[in-house]
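Structural overview
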Amino acid sequence: TDGRQVVIVTGVLSHEVNAGLPFPRDDVLLCVNGDTVRNLRHAAELVDRSVTAGASSDGGGSWLVLEFASRTVLVTRAAAAQAATIELVARHLLHTDRLLHSPPSKL
């Protein structure tokens, strides 16, 4: 394989930034900001890139757009999503916001 994985969102932690959003459960994440997701690590990189792009923009900030197989599209400010992540890590006493393992090597 070429490192491709299906990325399924099985749940989210509740926060003001996602309050009222129809976050799909057990849905496949297809795209982040229009880029097709190849695997979980790639999805994380795309999210991080949107935050970095917002920091270097003209002050308006960038958007984080998540597209799912169910045709659900969720949109939020990238900086707000990053701030919420930091708050949730602290609130739930998590060690980190992600743990990404490298895919197994080819034999």
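Scroll up to find the structure.
Because the structure is predicted, anything quoted here is derived from the model rather than measured.

Looking now at the nonpolar core. Proteins that are soluble and globular tend to have nonpolar side chains buried together. By size, the foremost hydrophobic cluster in this structure holds 14 residues, and its most contacted members are Leu29, Val32, Val37, Leu64, Leu66 and Phe68. Contributions of two or more residues to this core are made by β2 (27-32), α1 (40-55), β4 (63-68) and α2 (78-91).

Let us now look at the environment of Ala83. Take Ala83: it is sitting in helix α2. Sequence separation of Ala83 and Val17 is 66 residues, and the distance between their C-alpha atoms is 9.1 Å.

For the rest of this paragraph, the subject is α2. Each turn of an α-helix holds 3.6 residues, which means side chains three or four residues apart point in the same direction. Taking 1.5 Å per residue, 14 residues should reach 20 Å; α2 reaches 20 Å between its end C-alpha atoms and fits that length. All buried positions along α2 are accounted for by Ala78, Ala81, Ala84, Leu88 and Val89. Down the axis of α2, the buried set is contained in an arc of 135 degrees. They therefore lie on one face. Away from its buried face by more than 90 degrees, α2 exposes Ala79, Ile86 and Ala90. Among the residues trailing α2, Leu93 stands out with phi positive, at a value near 55 degrees.

Conventions and cut-offs
Residues numbered from 1 in each chain as written. Predicted model: local features only at pLDDT ≥ 70, side-chain atom pairs only at ≥ 80, totals over all residues. Heavy atoms only, no water. Core = buried A, V, L, I, M, F, W, Y, C linked by side-chain atoms within 4.5 Å. Buried < 20%, exposed > 50% of the residue type's maximum accessible area, 1.4 Å probe, protein only. Helix = DSSP H or I, 4+ residues; strand = E, 2+ residues; numbered from the N terminus. Expected span 1.5 Å × (residues − 1). Arc of directions from axis to C-beta.

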